[in-house]
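These are the residues of each chain, in order.
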Amino acid sequence: MIHPTQVHQTLRRHQLADGLPVVFDLERSEGAWLFDSRTGQKYLDLFTCFASWPVGYNHPRMAEREFLSELTRAAACNPSNSDLYTVEMARFVEAFATRVTPAGFPYNFWVSGGALAVENGIKVAFDWKAQKLGRMSFDDDCDDLGILHFRQAFHGRSGYTLSLTNTDPLKTGLFPKFRWPRIDPPSIEFDAYGQIANDVAALEARSLSQARAVFADKRWKIAAILIEPMQGEGGDNHFRPEFLAGLRELADQEQALLILDEVQTGFFGAGTAWMWQQKGVPPDVVCFGKKSQICGVYSSRRVEEVKQHAFARAGRINSTWGGSLCDMVRSRQLIDIILGERLHERVAAAGERLLAGLRRMAQSGRSLSNVRGVASLIAFTLATPADRDQTLARLQEQRVLALKSGERAIRFRLPFVLSDADIDWALERVESSLPK
Ligand SMILES: Cc1ncc(COP(=O)(O)O)c(C=O)c1O
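The rules behind each value
Residues numbered from 1 in each chain as written. Predicted model: local features only at pLDDT ≥ 70, side-chain atom pairs only at ≥ 80, totals over all residues. Helix = DSSP H or I, 4+ residues; strand = E, 2+ residues; numbered from the N terminus. Contact = placed C-beta atoms within 7 Å. Core = buried A, V, L, I, M, F, W, Y, C linked by C-beta atoms within 7 Å. Buried ≥ 20, exposed ≤ 12 C-beta atoms within 10 Å, placed from the backbone. Domains from an automatic or database assignment. Near = placed C-beta within 6 Å. Nonpolar A, V, L, I, M, F, W, Y, C, P; charged D, E, K, R; others polar.

(A) Examining the environment of M361 more closely. Locating M361 in the fold gives a position in helix α11 (residues 343-363). A C-alpha to C-alpha distance of 9.7 Å links M361 and V371, two positions 10 residues apart in sequence. Sequence-distant contacts of M361, defined by excluding residues within four places in its chain, comprise R366, L368 and E431.

Here's what the structure looks like:
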């Protein structure tokens, strides 16, 4: 056995171990509280494993005998789901496709990892666009195909997504990239009362005119417009439905797919299954991951505009495991828990309470601004990067785990089981952690 006090130094002997100082106790962590087996202290978990764990720790339904025996069967053998099917897989696919994937999106694809979900969404678009352009031979040159994307975007760190991510240069610098067109995001700024405080319509007009210029410039054949419905790592930047409607119109006019990256926002994180449903603008392809455990994409019928689209022709998008069966079993249990207990509605109310408390601080002149968010996705901005880093460190000292967002913001990614008392406890600690 390795004692909890030895965990970090054991890891450090063999790898970079620059993570949180806590040692996560898988048995004693409960609900919104993460138990540190190194010190015996509990932390309020407002980071939820980078927005990937929705229902709190050791939810009672995770101890159900039937679930555990299915999970053990899946864990003891790791089938290559893309070609070798099981009852366990079919139970998951049926649940996800009928209870989580919205109507009108008949094509699903599964893989492990959010970046690979986005990567495959992009491949669907390239494959579609190439055929739209009449390039049907596998020898046809497709190096002029590109993806229109945004500054402050984070889509992952795999081959294609590395060319689209542009938050911290540390994550993308010194790697070769595709120079696909990048335009400005028209991010909303909120005042202390939650009202829009900037001239966002002007920013939207500028972004759409940049996008039109990209389409007019014939250097690139744009296969897709790719956007996070709220940019997460890039600063919790929110967009109006009007802007997404503008992108939808352009994508239709210009023969491009509209791809939404909902890896951070999806699977009930915004209080609805998908954030785009609140905007009322349907995309063509949605990429998901994190809270859904299994990652992947779902797609509308627009791909059928070409006969041999990527969901119809075997082998165009694939991987050995096609996602892990353990993740599928766990995902199905999460769907049952969230929808059965209406936890997405509960976290929507929790988000409102946290927002209200943060706005009260902003209204009373405390040094935080641009309080924003919905349901499990809440953020606020500090005056400088140093203020932000110090506030985050003070929060951690007071046993609240949160995350950086962009250059100056702190983001909370709430567990769906957060109680009012937990929120009030967190608000007190935020208040005492803010710069004086
Ligand atoms: C919006 C978005 N897309 C893609 C990714 C990449 O996911 P992963 O880290 O699982 O590859 C992330 C991860 O934070 C994300 O927030």
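(B) Region of interest: the nonpolar core. By size, the foremost hydrophobic cluster in this structure holds 113 residues, and its most contacted members are A125, A223, A224 and L257. Tallying contributions element by element places helix α5 (residues 114-132) first for this core, with 10 residues. Counting contributing residues per domain, this core is built from domain 1 (70-338) and domain 2 (342-413 + 420-436), each supplying no fewer than three. Dropping the residues within four chain positions of it, A224 is found in contact with I122, A125, I147, A256, L257 and I259.

(C) Unusual backbone geometry, seen in detail. A positive phi is found at Q152, a non-glycine position, where the angle reads about 65°. Positionally, Q152 belongs in the loop between β4 (145-150) and α6 (159-162). Judged by C-beta crowding, with 20 C-beta atoms within 10 Å, Q152 ranks as buried. The backbone of A375 sits at a positive phi, close to 50°, despite the residue not being glycine. Within the secondary structure, A375 is located in the loop between β12 (369-374) and β13 (377-381).

(D) Local environment of the site of the ligand. In the region of the ligand, 15 residues are neighbours, and G114, A115, G156, V263 and Q264 sit closest. Take the shell around the ligand: its biggest share by element is 3 residues, from α5. For the shell around the ligand, the class distribution of residues is 5 nonpolar, 7 polar and 3 charged.

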